[in-house]
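In case you want the letters, here they are:
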Amino acid sequence: MVGLAATPRPPPTACRPPPHARRPTPAAPRPPPAVTYKAPEPMGEHFFAESFDRGTLDSWVLSSAKKDDTDDEIAKYDGKWAVEEMIDSKLPGDKGLVLKSRAKHHAISAQLLRPFIFDTKPLIIQYEVNFQTGIECGGAYVKLLSQTPDLDLDQFVDKTPYTIMFGPDKCGEDYKLHFIFRHKNPKTGEYEEKHAKKPDADLRTYYTDKKTHLYTLVVNPDNSFELLVDQTVVNSGNLLSDMTPPINPPAEIEDPDDRKPEDWDERPKIQDPDATKPDDWDEDAPAQIPDEDAVKPDGWLDDEPEYISDPDAIKPDDWDEDMDGEWEAPQVPNPACESAPGCGAWQRPVIDNPNYKGKWKPPMIDNPNYQGIWKPRKIPNPAFFEDLHPFRMTPFNAVGLELWSMSSDIFFDNFFITNDRITADRWANDGWGLKKAAEGAAEPGLAAQMLSAAEERPWLWVVYVLTVALPLVLIIVFCCTGKVRHTHTHTHTHTLQNTALDLKKRVALEGNLSVRLTGGTERSWTPKPRPRRRRRPGDAASLD
């Protein structure tokens, strides 16, 4: 056996650190994860890409035009634009286009790399908006400007032809997400605006949370369309069935020259011409009559008026009887009537007359000559056409913002137009995805959010208390009740076992057992003796 030599311990002061040095240092709070900004780079097929990270508006044109039919003071498009970071930017270096002026007309536009032609591939346009200071009344929508020979971006105004208008708009409590396109009538060549149905989703949060949101429009060659916010569909439909007014006019219309015949009878019911007034019908009977069973209450003061002249009233010194007439004291309630059931001449109250029938009218019967509600006849619509491919819209070659807003500092960023969904998603992830990650990293924790919400809405403290206290109370009650029940069951079982043992001993000693049943009946029970087994030779002696 090998022995181990004891190692001498070093002096305490030579090895151990002092007590204050041994205490664990509290860990410093971990900073929120930093998100480094990198400008998105367009990849794949695209017609327009703008992130504003160059910090200039070199490729954009500011409108110098004036609005028609508007006062000169507000007709100019003199609203200011700037390229800058957001007021509360979570991504240093990320810049965007900012609408800077309140109550001003703004117009700015830029050329596409090449015109977009509606053929066999979808149109996808997306861009970001942040209402940094909220939005009172104004829009943040874009216009895709139609390719025309006379398109002049320097003269971009509200009447400049566009192919599609898309984006958020809000005034008062009306929160909109526009999708409007101008459809060309194949017969007349005139354009008419077609509006998508209103989304069923609640859009309020996108306008009030002061976060950056990604707006996307997808229009497919099969005429289907989708409107997305933050890559979630909030509205969808088909150009042929979900636009107002409809793309195609009705095949038939009402004849504008048709007139209703003079003898056309539209009355479904008429008075019975054969009905006669009954002989006992009294049209002159009053609707109400005095109640003959009424009795004047005891103590009624017939000789006392209900109102008397105010004995304390004094004629004003400046009262001129020639100008104002004879002065009379104002009327006040008669104090003698306060303790009486009434004053003045007593009259019987009136009651409904049981014999009142009113003016007799003949009963109504079905009109045998009823012809229904007249409508003009239908004729073929001379303006009818059928366009089964409304997706084939007018090509566009520029994108523009033409806005009026009562709010400033509206932030736009990362405009992108393509015909490939994967390319659009990649651009969105590289741009808006970074903003979303940075905003999420900067958000306070759940506890801080709950405290902040309670400061704005004190009644939430009641909800918090009930949410925490109620489960604790239920757990305590359940645990205590379960323990008492278990103890009671154990005691009851032990008592039954002892009682059974006592009965067994009594039967063994006395040979029988008497039991008094409910109702006073007494019964005896004697156990049968067990049969004794015969002993065989060689069996060991046993005791029964």
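Here the structure is a predicted model, which is why all the values come from computation and not from measurement.

J.: Please give an account of the overall build of the protein that cites residues and values.
T.: A tally of helices and strands in the protein yields eight helices and 27 strands. If you take every contact in the protein between residues at least 6 apart in sequence, the share linking residues at least 24 apart comes to 73%. By element, 54% of the accessible surface of the protein is carried by carbon and sulfur atoms, the whole surface being about 36900 Å².

J.: Pulling in residues and values, what's your account of the nonpolar core?
T.: Of all hydrophobic cores here, the largest spans 65 residues; its most connected members are Ile-164, Phe-166, Phe-179, Leu-239, Leu-401, Phe-412 and Ile-417. Among residues more than four places away in sequence, those in contact with Phe-412 are Phe-52, Trp-81, Gly-96, Leu-97, Leu-99, Tyr-127, Glu-128, Val-129, Ala-140, Leu-401 and Leu-403.

J.: Which residues make up the environment of Thr-208, and what values do they have?
T.: Summarising the element assignment, Thr-208 is placed in helix H4 (residues 204-208). Relative accessible area serves as the criterion here: at 46%, Thr-208 is assigned to the partly exposed category. Each C-alpha atom, one on Thr-208 and one on Phe-131, is 7.6 Å from the other, the two residues being 77 residues apart in sequence. Of the polar contacts made by the side chain of Thr-208, one reaches the backbone oxygen of Arg-204; its length is 3.2 Å.

J.: Now, about the side chain of Ser-407: what can you tell me, with residues and values included?
T.: Looking at the secondary structure, you find Ser-407 in the loop between strand E24 (396-405) and strand E25 (410-418). Among the polar contacts made by the side chain of Ser-407, one reaches the main-chain amide nitrogen of Glu-136 at a distance of 2.9 Å. Residues within four places of Ser-407 in sequence aside, it is in contact with Leu-99, Ser-101, Arg-102, Gly-134, Ile-135, Glu-136 and Cys-137.

J.: Go over the state of the cysteines with me, naming the residues and quoting the values.
T.: Summed over all chains, the structure comprises two disulfides. For Cys-137, the disulfide goes to Cys-171, at an S-S distance of 2.0 Å. Between Cys-137 and Cys-171, the S-S torsion sits near -95°, and that sign places the bridge as left-handed. Taken together, the residues span a long stretch of sequence, with Cys-137 in strand E7 (residues 137-139) and Cys-171 in strand E9 (residues 162-171) at a distance of 34 residues. For Cys-337, the disulfide goes to Cys-343, at an S-S distance of 1.8 Å. An S-S torsion of about -125° defines the bridge between Cys-337 and Cys-343 as left-handed. No difference in accessibility class separates Cys-337 from Cys-343, as the two residues are buried. Sequential numbering of the bridged cysteines in the protein gives the disulfide pattern 1-2, 3-4.

J.: So what's going on with the confidence of the model for the protein? Residues and values would help.
T.: Put simply, the protein has an average pLDDT of 83, and 79% of its residues get 70 or more. In the predicted structure, residues 533-537 sits below a pLDDT of 50 and forms three contacts with residues beyond four places in sequence or in another chain. Predicted confidence is poor over residues 539-544, with pLDDT under 50, and the contacts of this stretch with residues over four places away or in other chains come to five contacts.

J.: Can you lay out unusual backbone geometry for me, pointing to particular residues and giving the numbers?
T.: One can expect most non-glycine residues to show negative phi and most peptide bonds to be in trans. The omega angle of the peptide bond from Thr-244 to Pro-245 is -10°, so this bond is cis rather than trans. Within the secondary structure, Pro-245 is located in the loop between strand E15 (243-244) and strand E16 (252-254). Of note in the backbone geometry, Asn-223 takes a positive phi value of approximately 80° without being a glycine. By secondary structure assignment, the location of Asn-223 is in the loop between strand E12 (213-219) and strand E13 (224-229). Of the residues examined, Asn-223 reaches a relative accessible area of 5% and is grouped as buried. Positive phi, close to 65°, is recorded for Gln-231, a residue that is not glycine. With a relative accessible area of 35%, Gln-231 lands in the partly exposed category.

J.: Requested: an account of the environment of Pro-246, with residues and values cited.
T.: Following the sequence through the fold, Pro-246 ends up in the loop between E15 and E16. The exposure class of Pro-246 is exposed, given its relative accessible area of 53%. Between the alpha carbons of Pro-246 and Lys-194 there is a distance of 7.3 Å; along the sequence they are 52 residues apart.

J.: Outline a negative patch on the surface, listing residues and values.
T.: Together, Asp-317, Asp-318, Asp-320, Asp-322 and Asp-324 line one region of the surface with negative charge. For Asp-324, the position within the fold is in helix H5 (residues 321-324).

J.: Mind laying out the pattern of salt bridges, listing which residues take part and the relevant values?
T.: Enumeration according to the criterion identifies 25 salt bridges in this entry. Across the salt bridge formed by Lys-435 and Glu-128, the nearest N and O atoms sit 2.9 Å from each other. With Lys-435 in helix H6 (residues 421-442) and Glu-128 in strand E6 (residues 123-131), this residue pair connects regions lying 307 residues apart in the sequence. By the burial criterion, Lys-435 is buried, and Glu-128 matches it. For Arg-267, the salt bridge goes to Asp-265, with nearest N and O atoms at 3.1 Å. For Asp-265, a relative accessible area of 11% puts it in the buried group. Overlapping salt bridges, with partners in common, bring together Asp-94, Glu-128, Asp-413 and Lys-435 in one network.

What counts, and where the lines are drawn
Residues numbered from 1 in each chain as written. Predicted model: local features only at pLDDT ≥ 70, side-chain atom pairs only at ≥ 80, totals over all residues. Heavy atoms only, no water. Helix = DSSP H or I, 4+ residues; strand = E, 2+ residues; numbered from the N terminus. Contact = heavy atoms within 4.5 Å. Areas by Shrake-Rupley, 256 points an atom, 1.4 Å probe, with all protein chains shown as cover. Core = buried A, V, L, I, M, F, W, Y, C linked by side-chain atoms within 4.5 Å. Buried < 20%, exposed > 50% of the residue type's maximum accessible area, 1.4 Å probe, protein only. Polar contact = N/O pair within 3.5 Å; in protein donor to acceptor, adjacent residues only side chain to side chain. Disulfide = S-S within 2.5 Å. pLDDT = per-residue confidence, 0-100. Patch = residues over 30% accessible without salt bridge, like charges linked within 9 Å, V, L, I, M, F, W, Y side chains within 5 Å. Salt bridge = Lys/Arg side-chain N within 4 Å of Asp/Glu carboxyl O. Lys, Arg positive; Asp, Glu negative; His and termini not counted. Charge placed at Lys NZ, Arg CZ, Asp CG, Glu CD.

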